[in-house]
Amino acid sequence: MAEFGFTEAHELLRRQASDFARRQLLPGARERAKMNRIPRELIQKIAEAGYTGITAPARYGGQGLDMMSLGIVLEEFAKVDIAAPHVVIAPTQVCALLESATEEQRQQWIPRIIKGEVIPCLCITEPDAGSDVAAIKLRAVRSGEAYILNGEKTSISRGMQSDLLLVWAKTDPEAGARGVSCFMVPADTPGISRSPIFHMGWRPLQTASIVFDDVEVPVSNRVGDEGKGFYMIMDRFDVLRVLLALEVLGMAQASVDETIAYVKQRTAFGKPIGKYEGVSFKLAEALTMLDAARLLCYRALWMRDNGLRHS
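**Student:** Explain the packing of helix 5 (residues 84–97) against helix 6 (residues 103–114) to me, using residue names and the numbers behind them.
**Tutor:** A pair of packed helices can be characterised by two numbers: the angle between their axes and the separation between those axes. Between helix 5 and helix 6, whose axes approach to 10 Å, the crossing angle comes to 160°. With respect to helix 6, the element helix 5 is oriented roughly antiparallel. The crossing of helix 5 and helix 6 is left-handed. Between helix 5 and helix 6, the contacting residues are P91, V94 and C95 on the first element and I110, I113 and I114 on the second.

Dropping the structure here:
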């Protein structure tokens, strides 16, 4: 097993992602941060560059790279655009979850997700259940060759804009975690209603409350075996939390970089204020903490790539 660290391929990818971010994402990023959606043209631009399928298998149109590569892209994108990382992270996680799907399901959805033609989202959180997936209440009742879904999901990131919903529901309320199943539900399915939730941060993700009222979903749209949904998503949570951390670390790094540039040109008593220890010590501490957090994240991704326990 190779020692923890970045390979030459990783460093090349970082330079490429950083260059793409500055040239393609930085222009207009401030204006997009105020929007209640991510423009389709931005999604298409990122998809055409290959980033939406960065970890997906090549046979579906992806690049088949490792999780450390995904973390690098998310960090670099987050330095310039608050929404762009989510154009990458949601498709990669959905494609990974579809590893539990049938080959027919994968062929139907993964290439379209990678091309940016389909915007997916994860529907897990409910009014009374967040990361406690075993406590969800949305019901999926088997009726012949279909399931009937009833309940509500809330605070669903990009819920207003998504075309495909991956929905976690209770197929057996008495079985706890073993009674949770996952379904692919096109957002235009009859019985689905969506309403926006407005919040201060990450406006372009436009979170939503999604109500399912007798929504009929074919059995063929179930992902994996009945009762296996809990284990699918908990496995992804292990890595998703690390990826989200790298996003905000990218934003934090950009903030520190801007501060360093400012204290170099702002003067007081005849010299740049960065020369004073009251300023420089704080920046040194901030950079130390950022580096420590970043290394912890990448070590977790490296463990994931090498099949090691990283929870």
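**Student:** Outline helix 3 (residues 40–48), listing residues and values.
**Tutor:** Residues spaced three or four apart along an α-helix point in a common direction, a consequence of the helix completing one turn every 3.6 residues. Residues of helix 3 that are buried include every one of L42, I43, I46 and A47, and no others. Summarising the axial view, the buried residues of helix 3 lie within an arc of 135°, below the 170-degree limit, and thus occupy one face. In helix 3, those exposed residues whose orientation departs by more than 90 degrees from the buried face are E41 and E48. For helix 3, the elements touching its buried residues are helix 1 (8–25), helix 2 (29–32), helix 4 (67–78), helix 5 and helix 6. Among the residues trailing helix 3, G50 stands out with phi positive, at a value near 90°.

**Student:** Lay out the pairing of strand 7 (residues 208–218) in plain terms, naming residues and giving numbers.
**Tutor:** With eight bridges joining them, strand 3 (residues 146–156) and strand 7 adopt antiparallel strand pairing. Bridge pairing in strand 7 places I156 opposite A208. As paired strands, strand 6 (residues 192–196) and strand 7 are joined by five bridges and run antiparallel to one another. Residue pairing for strand 7: S193 is matched across the bridge by V211.

**Student:** Outline the packing of aromatic side chains, supporting the account with residue identities and numerical values.
**Tutor:** On inspection of all chains with the given rule, the structure shows seven aromatic pairs. Taking 5.1 Å as the distance between ring centres and 80° as the angle between the ring planes, the aromatic pair formed by Y51 and F77 counts as edge-to-face. A residue pair is termed long-range when its members are at least 10 positions apart, and Y51 in the loop between helix 3 and helix 4 and F77 in helix 4 qualify at 26 residues. Assessed through its relative accessible area of 7%, Y51 is described here as buried. Here the aromatic cluster, defined as three or more aromatic residues joined through ring pairs, consists of F20, Y51 and F77.

Each value, and the rule that gives it
- Numbers given to residues run from 1 along each chain, matching the order in which its sequence is written.
- Note on the predicted model: pLDDT of at least 70 is required for a residue's local features to be given, and 80 or more for side-chain atom pairs to be given and counted; whole-chain, interface and lining totals, by contrast, use all residues.
- Working from all heavy atoms in the structure, the side-chain values ignore hydrogens and water.
- Working convention: axes come from line fits to C-alpha atoms, limited for helices to the stretch in contact. Angles between N-to-C directions cover 0 to 180 degrees.
- Helix and strand definitions here come from DSSP, where helices need a minimum of 4 consecutive H or I residues and strands a minimum of 2 consecutive E residues; each element is numbered from the N-terminal end.
- Oblique is the label for every angle not falling under 35 degrees (roughly parallel), over 145 degrees (roughly antiparallel), or within 65 to 115 degrees (roughly perpendicular).
- Crossings are classed by handedness, with left-handed meaning an anticlockwise turn of the near helix from the far one by less than a right angle and right-handed meaning a clockwise turn.
- A contact between two residues is defined here by any heavy atoms of the two lying within 4.5 Å.
- The cut-offs for exposure are 20% and 50% of the maximum accessible area for each residue type, with area from a 1.4 Å probe on protein chains only; residues under the lower value are buried, those over the upper are exposed, and the others partly exposed.
- Summarising the geometry, the arc corresponds to the directions from the helix axis toward the C-beta atoms.
- Only when DSSP finds a minimum of two bridges between them are two strands counted as paired.
- Pairing of aromatic side chains here covers Phe, Tyr and the six-membered ring of Trp, requires ring centres within 6.5 Å, and sorts the geometry by plane angle: under 30 degrees stacked, over 60 edge-to-face, intermediate tilted.

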